[in-house]
Amino acid sequence: MVLLLVMLLAQPLGRPLFYWGARPATIVTDVAPGEGIAAQVTEVHGVVDGGELVLRVSFDRPVNDVLYLSSGAPVSGRLRAAIYVDGDADRNTGWSAASDDPRAGADYRVDLGVLALGADPAEGISAQALVTVAAFALTSQGRQRSLWRTDHSASPGQVSIRGDAIEMRVPSGSVSVIPTARVALVVGDHGFEGTLRP
């Protein structure tokens, strides 16, 4: 019975959206892995490829372990991240946050989350957890405007579950990002930032 449940929950790896090779992480956090039921972000890789922003967010545990309970039921709220992107690498444009805030100058925010859907036997739909990604434009006051959203089921070429990481490819028509853009991540009271490498 346990083996059957493990086989049901063990989804095959999604297709890679970028060849990362030995490319170093853009952001490395200092969060303690394995604490609590929510997955903790350990690294963020980022690159501009063909004009599109490609991000890889790594967690402290396999993604599928967070998407489903031990019973196999999908669950939301245990995996999320918000990546702030300073598309022109200029802190004087974009969000006018405090100078010591790594989000200062951010033009965009890319949100990663999970939507748990119940089964609908009448429609032949099984219960599932969808990894969702959304991109927002930010004003100087930090207000947001929705630009794009999708999930790993609808767009496997834009959102891919890769073991302990989720890769996402934000279309160039949604965000405008230079190859050396700055990205930031806030985890609790700690802020982290890094610069994309061309």
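Residues numbered from 1 in each chain as written. Predicted model: local features only at pLDDT ≥ 70, side-chain atom pairs only at ≥ 80, totals over all residues. Heavy atoms only, no water.

**Details of the overall build of the protein chain**
Next, step 1: The helix and strand inventory of the protein chain stands at two helices and eleven strands.
Next, step 2: Its C-alpha atoms give the protein chain a radius of gyration of 17 Å, near enough to 16 Å, the size a compact globule of 198 residues would have.
Next, step 3: Expressed as lengths along the three principal axes of its C-alpha atoms, the size of the protein chain is roughly 55 × 35 × 35 Å.
Next, step 4: Taken over 198 residues, the protein chain has a buried fraction of 46%. (Helix = DSSP H or I, 4+ residues; strand = E, 2+ residues; numbered from the N terminus. Rg over C-alpha atoms; globule rule 2.2 N^0.38 Å. Buried < 20%, exposed > 50% of the residue type's maximum accessible area, 1.4 Å probe, protein only.)

**A closer look at the sheet that holds strand 4 (residues 81-86)**
One key point about sheets: their strands pair by backbone hydrogen bonds, in either a parallel or an antiparallel sense.
Next, step 1: Judged by pairing direction, the sheet is antiparallel, and its six strands sit side by side in the order 7-6-5-4-10-11 without closing on themselves. Lying at the two open borders of the sheet, with one neighbouring strand each, are strand 7 (144-151) and strand 11 (190-195). Averaged over all adjacent pairs, the angle separating strand axes in this sheet is 25 degrees, with direction ignored. (Pairing = 2+ DSSP bridges. Axes fitted to C-alpha atoms, helices over the stretch in contact; angles between N-to-C directions.)

**Quick word on the pattern of salt bridges**
Close approach of charged atoms allows side chains of opposite charge to pair.
Next, step 1: On inspection of all chains with the given rule, the structure shows nine salt bridges.
Next, step 2: A salt bridge links R103 to D101, with the shortest nitrogen-to-oxygen separation between them at 2.9 Å.
Next, step 3: You can call R103 partly exposed: its relative accessible area is 22%.
Next, step 4: Through salt bridges with shared partners, a single ionic network connects D86, R91, R182 and E193. (Salt bridge = Lys/Arg side-chain N within 4 Å of Asp/Glu carboxyl O.)

**Quick notes on the packing of aromatic side chains**
Next, step 1: Overall, the coordinates contain two aromatic pairs when judged by the stated rule.
Next, step 2: Centroid distance F18 to W20: 4.7 Å. Interplanar angle 65 degrees. Geometry classified as edge-to-face.
Next, step 3: Note on F18: relative accessible area 15%, which makes it buried.
Next, step 4: A relative accessible area of 10% means that W20 is categorised as buried.
Next, step 5: Ring centres of Y84 and W95 lie 5.9 Å apart, and the angle between their planes is 35 degrees; on these two criteria the pair is classed as tilted. With Y84 in strand 4 and W95 in the loop between strand 4 and strand 5 (108-117), this pair connects stretches of sequence that are eleven residues apart. (Phe/Tyr/Trp six-rings, centres within 6.5 Å; stacked < 30°, edge-to-face > 60°.)

**Considerations on the sheet that holds strand 3 (residues 52-59)**
Next, step 1: Strand order in the open sheet formed by five strands is 1-2-3-9-8, with antiparallel pairing between adjacent strands. Each edge of the open sheet carries a strand with a single partner, namely strand 1 (27-28) and strand 8 (159-162).
Next, step 2: The pairing of strand 2 (residues 41-49) with strand 3 spans eight bridges and is antiparallel. Looking across to strand 3, one finds that V41 is bridged to F59.

**Some words on the nonpolar core**
Next, step 1: Grouped together as the largest cluster of nonpolar side chains are 39 residues, with contacts concentrated most on L53, F59, L79, I83, V110, L112 and I166.
Next, step 2: With seven residues, the next largest nonpolar core counts Y84, A97, A104 and A106 among its residues. (Core = buried A, V, L, I, M, F, W, Y, C linked by side-chain atoms within 4.5 Å.)

**Here's the deal with the confidence of the model for the protein chain**
Next, step 1: Considering every residue of the protein chain, the mean pLDDT works out to 90; 94% of them sit at 70 or more.
Next, step 2: Low confidence marks residues 1-9, where pLDDT is under 50. Its contacts with residues over four positions away, or in another chain, come to seven contacts. (pLDDT = per-residue confidence, 0-100. Contact = heavy atoms within 4.5 Å.)

**What about the environment of V177?**
Next, step 1: By the secondary structure assignment, V177 is in the loop between strand 9 (165-170) and strand 10 (182-187).
Next, step 2: For the pair formed by V177 and A165, sequence separation is twelve residues and the distance between their alpha carbons is 22 Å.
Next, step 3: Among all residues touching V177, those that are not within four sequence positions of it are V48, L53, V85, G87, Y108 and L196.

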